[in-house]
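One-letter residues, chain by chain:
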Amino acid sequence: MAPTTASAKIISDMPAHFHHTWYSHQWKMKFTKHHLQQGKTGHKYNLSYHFKHVSKYGNQYTPEVMGDIGAFKYSHGYMYTYDGAGSWQRWHR
């Protein structure tokens, strides 16, 4: 199930419930309306992406950036990232 298929809806920014700093193991990820930053916890962000549109496929959201970014979804206070190998990684605030 690819989030970039023809049935994907294009929205202008990342939904507000993603606008936080998320943590998973030793990693952190921060979302704003049009930015995504990633890095190790306790260090500066080392990756930064800017996007103007987001593809929405069901409850999955994929920022449209030049890099290879997987899908994101939000459920019960947690964010999940799709790793491309069929599993979802859970992130907390």
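K.L.:
Tell me about the pairing of strand 4 (residues 35-40), residues and numbers included.
P.N.:
As defined by bridge partners, strand 3 (residues 27-31) adjoins strand 4 across five bridges and the pair is classed as antiparallel. Opposite M29, over in strand 4, you have Q38 as the bridge partner. Counting the residues between successive antiparallel strands, the hairpin from strand 3 to strand 4 contains three residues. With five bridges joining them, strand 4 and strand 5 (residues 45-50) adopt antiparallel strand pairing. Among the inter-strand pairings, H35 is bridged to a residue of strand 5, identified as H50. What sits between strand 4 and strand 5 in their antiparallel hairpin is a turn of four residues, with G42 showing a positive phi close to 90°.

K.L.:
Break down the environment of Q38 for me, citing the residues and quoting the values.
P.N.:
If you trace the backbone, Q38 turns up in strand 4. In this structure, the C-alpha to C-alpha distance between Q38 and F18, residues 20 residues apart in sequence, is 14 Å. Apart from the residues within four sequence positions on either side, Q38 is in contact with K28, M29, Y45, N46, L47 and Y49.

K.L.:
Help me get a handle on the confidence of the model for the protein, residues and values and all.
P.N.:
Residue-level pLDDT values for the protein average 91, and 94% of them are 70 or greater. The secondary structure element of the protein with the lowest average pLDDT is strand 6 (residues 54-57), at 94, and the one with the highest is strand 2 (residues 21-24), at 98.

K.L.:
Can you lay out the nonpolar core for me, pointing to particular residues and giving the numbers?
P.N.:
Grouped burial of nonpolar side chains is what soluble globular proteins tend to show. With 15 residues, the main nonpolar core has M14, F18, M29, F31, L36, F72 and M79 as its most contacted residues. When residues no more than four places from it in sequence are discounted, the contact partners of F18 are F31, Y61, F72, K73, Y74 and M79.

K.L.:
Requested: an account of the environment of Y61, with residues and values cited.
P.N.:
Its location among the elements puts Y61 in strand 7 (residues 60-63). In this structure the C-alpha to C-alpha distance between Y61 and Y74, which are 13 residues apart in sequence, comes to 9.1 Å. Not counting residues within four places of it along the chain, the set of residues in contact with Y61 comprises I11, M14, P15, F18, V54, S55, K56, G70, A71 and F72.

K.L.:
Provide a residue-level description of unusual backbone geometry, including the pertinent values.
P.N.:
Of note, the phi angle at H25 is positive, near 60°, even though the residue is not glycine. Inspection of the secondary structure puts H25 in the loop between strand 2 and strand 3. In this structure, H76 takes a positive phi of about 50° despite not being glycine. Inspection of the secondary structure assignment puts H76 in the loop between strand 8 (72-75) and strand 9 (78-82).

K.L.:
Please set out the sheet that holds strand 2 residue by residue, giving values where relevant.
P.N.:
With antiparallel pairing, four strands are arranged side by side in an open sheet as 2-3-4-5. Each end of this open sheet is capped by a strand with a single partner; those strands are strand 2 and strand 5. In this sheet, neighbouring strand axes are inclined to one another by 15° on average, regardless of whether the strands run parallel or antiparallel.

About the cut-offs
- Residues numbered from 1 in each chain as written.
- Predicted model: local features only at pLDDT ≥ 70, side-chain atom pairs only at ≥ 80, totals over all residues.
- Heavy atoms only, no water.
- Pairing = 2+ DSSP bridges.
- Helix = DSSP H or I, 4+ residues; strand = E, 2+ residues; numbered from the N terminus.
- Contact = heavy atoms within 4.5 Å.
- pLDDT = per-residue confidence, 0-100.
- Core = buried A, V, L, I, M, F, W, Y, C linked by side-chain atoms within 4.5 Å.
- Buried < 20%, exposed > 50% of the residue type's maximum accessible area, 1.4 Å probe, protein only.
- Axes fitted to C-alpha atoms, helices over the stretch in contact; angles between N-to-C directions.

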